[in-house]
Amino acid sequence: MPPVIYSWPRSLGVMMARAGGTARVLIVDDDPVVLERAGGYLEGTGGYDCIRASSAEEALSLVGRIECAAVVSDEQMPGMNGIAFLRALRARGVTVPFVLYTGKSRDSVFEEAIDAGASFYVRKGGCTPAECAELLHAVRCAIALAGAPPIARHTADEWLALAVEGAGLAVWGYDLVTGEITYNRRWGEIIGPSGTVPKNDLAAWQARIHPDDREGVMDAIVEGIRRENAFSVEYRLRCDDGAWKWILSIGRAQRDDPAGQVSRVAGISQDVTARRRAEEALREANRKLNLLGSITRHDVLNQVTAIAGYTWLLLDTGSLSPFQRDTLGKIRDLVGMISREVEFTRLYADLGVMEPRWQHVGKVAARAAEGLDFDGITFSVATGDLEVFADPLFEKVLFNCFENALRHGGGVSRIEVSFVERETCGEIVVADDGVGVPFSQKKNIFARGIGQHTGFGLFLAKEVLDLTGIGIREGGMPGEGARFVLSVPKGAYRNP
């Protein structure tokens, strides 16, 4: 297989000339703030004409009616996610440059996006000016690369070498037949002057990997070779001075052996220590804020409890006028409301604290059901070995769905959890045979403060699922039972 040659424009002016300063860019995001900020930056600074769409479905309908030079899309969107949108475009023969702009930091999302045909991948943080500048650069490069004419091989090599050096990338290759390892000089710069690895000694490289990370690194590489697709892994590597650096390695297996076997693996590595330290500092700051919030909530609730106690004592006296009794009753109700609001802040503070992880749906559902009274109710889970990539509070989501059926179902005799795979996503369905949800209430059941109990359960369930791009809706028929449908994006569920 011949190497892929990238043609890099000689200057920003050439790039803009090829891209066209008034070219049309389609930007897709369910967040109106992102549409406004990112779209405004591409228009104001980049000179592009931005068409905005709030969903992948809307964007697909536009693609058939307008011409655009590039597409910028979020990944986490209700219904069809960004990668499913990209696949749908490619399935229709639309080859327009595609830039994935998402807050997800998982390497698997990056790999899947590139495999699906994305041109660039930009991580979304807060849609800051610096971030928008990075997005603009990605759009310009994507358009320019898509329309660049063929250039001589030696010129392409020069531009590629310049890009690799400028990005500080360590390029490496591993020949599975000979065991030979090759790399550029940047590898030695990352880990120290003696950081060169003997060319036939894979064990010398493995020995530098942190013991806690070694198994995961090798598993990722082996899985990439087995599936013949891109792999990405972050790990700690020991430098010559004994310090540990965080390294991001991205690679792909190549099948060019005469017998049709995978014969080599090649890729890049990058020092991401600064980013990992920043992430750890952010986690530590969040931990301290949560601790402060916990202490504050405890103190506030102590005072609120005291107020409630004094109110009850006054209400028990028999010498109150009707006005005084009514006023104290209102104070009591307000105290109860304050207590519930403080409790809500405790629940909400746990969102996004832990990293998302793969979870076995059947086992999580079983744990969620343990603390509930299913007396006289048939409970079943038919999801097999299905796993989803979700926040650790996913168990709480299922618990809230089950509790909602028990509390509001009205004579429920059956609760079941099932899974259906659709064209653009997978659907986990939690259904019961109770009274269902009236049409008039369906729109608001996930809003905070709505419901016959506290109104926090389903609101928090939606917030937890939003963290990993999972949507939730109620799709049952009134009188036939409730049906909560969790729409899981492609790539966020699997059957090992």
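This structure is a prediction, so every number in the text was calculated from the model and none was measured.

Describing the side chain of Lys-124
- By the element assignment, Lys-124 lies in the loop between β5 (120-123) and α6 (129-147).
- A polar contact is formed between the side chain of Lys-124 and the side chain of Asp-29, at a distance of 2.7 Å.
- Those residues within four positions of Lys-124 in sequence are excluded, and the remaining contacts are Asp-29, Val-34, Asp-74, Tyr-101, Thr-102, Gly-103 and Glu-131.

Focus on the packing of helix α13 (residues 361-369) against helix α14 (residues 394-408)
- In contact at an axis separation of 8 Å, α13 and α14 are set at 55° when each is read in the N-to-C sense. On the basis of the axis angle, α13 is oblique to α14. The crossing of α13 and α14 is right-handed. Here Val-361, Val-364, Ala-365, Arg-367, Ala-368 and Ala-369 of α13 lie close against α14, whose contacting residues are Phe-394, Glu-395, Leu-398, Phe-399 and Phe-402.
- Split into classes, the residues belonging to the contact of α13 with α14 amount to nine nonpolar, no polar and two charged.

Overview of the pairing of strand β4 (residues 98-102)
- Counting buried residues in β4 gives five out of five residues, a clear majority hidden from the surface.
- Of the two faces of β4, the one holding Phe-98, Leu-100 and Thr-102 and the one holding Val-99 and Tyr-101 are both buried throughout.
- Where strand β3 (residues 70-73) lies against β4, three bridges are found, and the strand directions are parallel. Bridged to Ser-73 within β4 is Leu-100.
- With respect to chirality, the unit in which β3 leads through helix α4 (residues 82-91) into the neighbouring parallel β4 is right-handed.
- Across four bridges, the pairing between β4 and β5 is parallel. Residue pairing for β5: Leu-100 is matched across the bridge by Tyr-121.

Considerations on the nonpolar core
- Core analysis: the largest hydrophobic core is formed by 38 residues, its most contacted members being Val-388, Phe-394, Leu-398, Phe-402, Ile-428, Phe-484 and Leu-486.
- Elements with a contribution of two residues or more to this core: α13, β13 (387-390), α14, β14 (414-421), β15 (425-432), α16 (457-466) and β17 (483-489).
- Top contributing element to this core by residue count: α14, with six residues.
- The contacts of Phe-402, once residues within four sequence positions are left out, are Ala-365, Ala-368, Ala-369, Leu-372, Phe-374, Phe-379, Ile-415, Val-417 and Val-430.
- In this structure, Met-77, Ala-88, Val-96 and Ala-116 belong to the second largest nonpolar core, which totals 26 residues.

Regarding the packing of aromatic side chains
- This model, assessed by the stated rule, comprises eight aromatic pairs.
- Geometrically, the ring pair formed by Trp-358 and Phe-389 is edge-to-face, given 5.5 Å between the ring centres and 65° between the ring planes. Of the two residues, Trp-358 is situated in strand β11 (residues 357-360) and Phe-389 in strand β13; the sequence distance between them amounts to 31 residues.
- Using a relative accessible area of 28% as the deciding quantity, one classes Trp-358 as partly exposed.
- For Phe-389, a relative accessible area of 9% corresponds to the buried category.
- In textbook terms, an aromatic cluster arises when at least three aromatic residues are bridged by ring pairs, as seen for Phe-374, Phe-379 and Phe-402.
- In this structure, Lys-124 is placed above the aromatic ring of Tyr-101, and the distance from its NZ or CZ to the ring centre is 5.3 Å.
- Positioned above the aromatic ring of Trp-358 is the side chain of Arg-494, whose terminal nitrogen or guanidinium carbon lies 4.1 Å from the ring centre.

Side note on helix α10 (residues 211-227)
- For α10, spanning 17 residues, the distance from its first C-alpha to its last is 25 Å, which sits close to the expected 24 Å at 1.5 Å a residue.
- Along α10, the residues classified as buried are Asp-213, Val-217, Met-218, Ala-220, Ile-221 and Gly-224. Buried residues of α10 fall within an arc of 155° about the axis and therefore sit on the same side. Exposed residues pointing more than 90 degrees away from the buried face of α10 are listed as Pro-211, Asp-212, Glu-215, Val-222, Arg-226 and Arg-227.
- Residues of α10 that are buried in the fold lie against α9 (202-208), β8 (230-238) and β9 (244-255).

What to know about the environment of Phe-231
- Along the polypeptide, Phe-231 turns up in strand β8.
- For the pair Phe-231 and Ile-250, spaced 19 residues apart in sequence, the C-alpha separation works out to 5.7 Å.
- Ignoring sequence-local partners within four residues, the contact set of Phe-231 consists of Glu-111, Trp-172, Ala-220, Ile-221, Gly-224, Ser-249, Ile-250, Gly-251, Arg-252 and Val-265.

Quick notes on the environment of Val-222
- By secondary structure assignment, the location of Val-222 is in helix α10.
- Along the backbone, Val-222 and Ala-253 are 31 residues apart, and their C-alpha atoms lie at a distance of 9.6 Å.

Overview of α13
- For α13, the set of buried residues is Val-361, Gly-362, Val-364, Ala-365, Ala-368 and Ala-369. For α13, the buried positions fall inside an angular range of 165° around the axis, keeping them on one side.
- Elements in contact with the buried residues of α13: β11, β12 (378-382), β13, α14 and β15.

Overview of the sheet that holds β13
- If you trace the three strands from one edge of the open sheet to the other, you get β11-β13-β18, paired in antiparallel fashion. For this open sheet the edge positions go to β11 and β18 (493-494), each flanked by a neighbour on one side alone.
- By the bridge criterion, two bridges tie β13 to β18 in an arrangement that is antiparallel. Directly across from Glu-387, in β18, lies its bridge partner Arg-494.
- The strands touched by α13 are β11 and β13; relative to β11, the strand with the most contacts, the crossing angle is about 70°.

Here's the deal with the confidence of the model for the protein
- In this model, the protein carries a mean pLDDT of 81, and residues with pLDDT of at least 70 account for 86%.
- For the protein, the element scoring lowest by mean pLDDT is helix α1 (residues 12-19), at 36; β14 scores highest, at 94.
- Predicted confidence for residues 1-21 stays below pLDDT 50, and this span has 38 contacts to residues more than four positions away or in other chains.
- A low-confidence stretch, residues 451-455 stays under pLDDT 50, and its non-local contacts, those more than four residues away or across chains, total eight contacts.

Rules used in this analysis
- Residues numbered from 1 in each chain as written.
- Predicted model: local features only at pLDDT ≥ 70, side-chain atom pairs only at ≥ 80, totals over all residues.
- Heavy atoms only, no water.
- Helix = DSSP H or I, 4+ residues; strand = E, 2+ residues; numbered from the N terminus.
- Polar contact = N/O pair within 3.5 Å; in protein donor to acceptor, adjacent residues only side chain to side chain.
- Contact = heavy atoms within 4.5 Å.
- Axes fitted to C-alpha atoms, helices over the stretch in contact; angles between N-to-C directions.
- Parallel < 35°, antiparallel > 145°, perpendicular 65-115°, else oblique.
- Left-handed = near helix turned anticlockwise from the far one by under 90°.
- Nonpolar A, V, L, I, M, F, W, Y, C, P; charged D, E, K, R; others polar.
- Buried < 20%, exposed > 50% of the residue type's maximum accessible area, 1.4 Å probe, protein only.
- Pairing = 2+ DSSP bridges.
- Right-handed = clockwise from strand over helix to strand, strands pointing away.
- Core = buried A, V, L, I, M, F, W, Y, C linked by side-chain atoms within 4.5 Å.
- Phe/Tyr/Trp six-rings, centres within 6.5 Å; stacked < 30°, edge-to-face > 60°.
- Lys NZ or Arg CZ within 6 Å of the ring centre and 35° of its normal.
- Expected span 1.5 Å × (residues − 1).
- Arc of directions from axis to C-beta.
- pLDDT = per-residue confidence, 0-100.

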